[in-house]
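For reference, the chains in residue letters:
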Amino acid sequence: MKKVFLLYLLSAVLVSADNLQRLESGNETFLDTESIQKIREKFIGYQVPFAAFLACADSRVAPEILFSQSIGDLFVVRNAGNVIDDVVIASLEFAVDVLQVPMLIVIGHQNCGAVNGALQLTLEDIKVKPSSLNTIFKKIQPSLDNVVDNSEITQSKMDQAVKDNAVYQLDVLISKSSVIQKKIRKKELVVYALYYEIDTGKVFELNR
Ligand SMILES: [Zn+2]
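Would you explain the overall build of the chain in this entry?
For the chain, the count of helices and strands is eight helices and five strands. Taken from the N to the C terminus, the helices and strands of the chain come in the order α-α-β-α-β-α-β-α-α-α-α-β-β. With the C-alpha coordinates aligned to their principal axes, the bounding extent of the chain is approximately 65 × 55 × 30 Å. Relative to its full complement of 208 residues, the chain shows a buried share of 37%. Long-range contacts, defined here as pairs at least 24 residues apart, represent 66% of the contacts in the chain between residues at least 6 apart. Put simply, the chain shows about 12700 Å² of open surface, and 55% of that area lies on carbon and sulfur atoms. Charge centroids of the chain, computed over 22 positive and 25 negative side chains, lie 4 Å from each other.

Below you can see the structure in the form of structure tokens.
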């Protein structure tokens, strides 16, 4: 038993070393890419992003990659489920008020684990582990009224839940931020809720 555990530990350490090596090698590639280094050098002392994002932390949905943007282009806040809390509001207000970003976007994505988890939790009486996830689910649940019924959870229901959550989080953000309200009123800021469809790679604007 002890031997098996030690082998497991050793393989975990080796995998971890491999992953670190992978990141080191990635940084070398970054440093070797001249076009990127020029942009990095240009923005050493300042930034002028043209859009601010609230996106999910999911590893498949980085806005910089989805929209083919580079260093300095996007101001991105991410967490599981693209939910609003005080730190998110403060971060986005910094983007809008201090950096004068003229466009603000909340983007949800297909097959979002956080939204699907909130949907399951609403429809089924399940225990969540780790329990800290409930903090996120509770922020998503108010957006699910239109998709919660007695029928089973389908792909289209999950897709709709993600869309409803993106629109809802944007509405919460606006309702809680007088800074953002003022910017919209003065026509210095436009806001959008978007949906990223993983199975096609396309992004759609959502109606609010
Ligand atoms: Zn997600």
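What am I meant to see in the nonpolar core here?
Nonpolar side chains in soluble globular proteins tend to be buried together. Membership of the largest hydrophobic core comes to 52 residues, with the highest contact counts inside it found for L92, L104, I140, L144, L170 and L173. Elements with a minimum of two residues in this core: β1 (51-56), β2 (74-79), α4 (86-98), β3 (103-109), α5 (113-123), α6 (133-140), α7 (155-176) and β4 (190-196). In this view, L173 contacts I84, I89, L92, L104 and I180; residues no more than four positions away in its chain are not counted.

Please explain the packing of aromatic side chains as it appears in this structure.
Centre distance and the angle of the planes are the two values used to describe a pair of aromatic rings. Tallying each qualifying case throughout the model produces three aromatic pairs. Aromatic pair F43 and Y46: ring centres 5.3 Å apart, planes at 65 degrees, arrangement edge-to-face. If you follow K163 out to its NZ or CZ, it ends over the ring of Y195, 4.8 Å from the centre.

Explanation requested: a nonpolar patch on the surface in the structure shown.
A cluster of nonpolar side chains, F30, L31 and I71, forms an exposed patch at the surface whose accessible area comes to about 230 Å². With respect to the helices and strands, the residue L31 is situated in helix α1 (residues 2-32). The class for L31 is partly exposed, based on a relative accessible area of 46%.

Would you take a moment to explain the coordination of the zinc ion for this structure?
By definition of the ideal shapes, four donors in a tetrahedron about a metal sit 109.5 degrees apart, and six donors in an octahedron sit 90 or 180 degrees apart. Within the protein, the zinc ion binds to C56 (SG), H109 (NE2) and C112 (SG); these donor distances fall in the range 2.0 to 2.3 Å. Written as a sequence motif, the donor residues of the zinc ion are C-x52-H-x2-C. You can see C56 sitting in strand β1 and its partner C112 sitting in the loop between β3 and α5, a full 56 residues away along the chain.

Parameters and conventions
- Residues numbered from 1 in each chain as written.
- Predicted model: local features only at pLDDT ≥ 70, side-chain atom pairs only at ≥ 80, totals over all residues.
- Heavy atoms only, no water.
- Helix = DSSP H or I, 4+ residues; strand = E, 2+ residues; numbered from the N terminus.
- Buried < 20%, exposed > 50% of the residue type's maximum accessible area, 1.4 Å probe, protein only.
- Contact = heavy atoms within 4.5 Å.
- Areas by Shrake-Rupley, 256 points an atom, 1.4 Å probe, with all protein chains shown as cover.
- Lys, Arg positive; Asp, Glu negative; His and termini not counted.
- Charge placed at Lys NZ, Arg CZ, Asp CG, Glu CD.
- Core = buried A, V, L, I, M, F, W, Y, C linked by side-chain atoms within 4.5 Å.
- Phe/Tyr/Trp six-rings, centres within 6.5 Å; stacked < 30°, edge-to-face > 60°.
- Lys NZ or Arg CZ within 6 Å of the ring centre and 35° of its normal.
- Patch = residues over 30% accessible without salt bridge, like charges linked within 9 Å, V, L, I, M, F, W, Y side chains within 5 Å.
- Salt bridge = Lys/Arg side-chain N within 4 Å of Asp/Glu carboxyl O.
- Donors = N, O, S within 2.8 Å, 3.2 Å for Na, K, Ca; no water.

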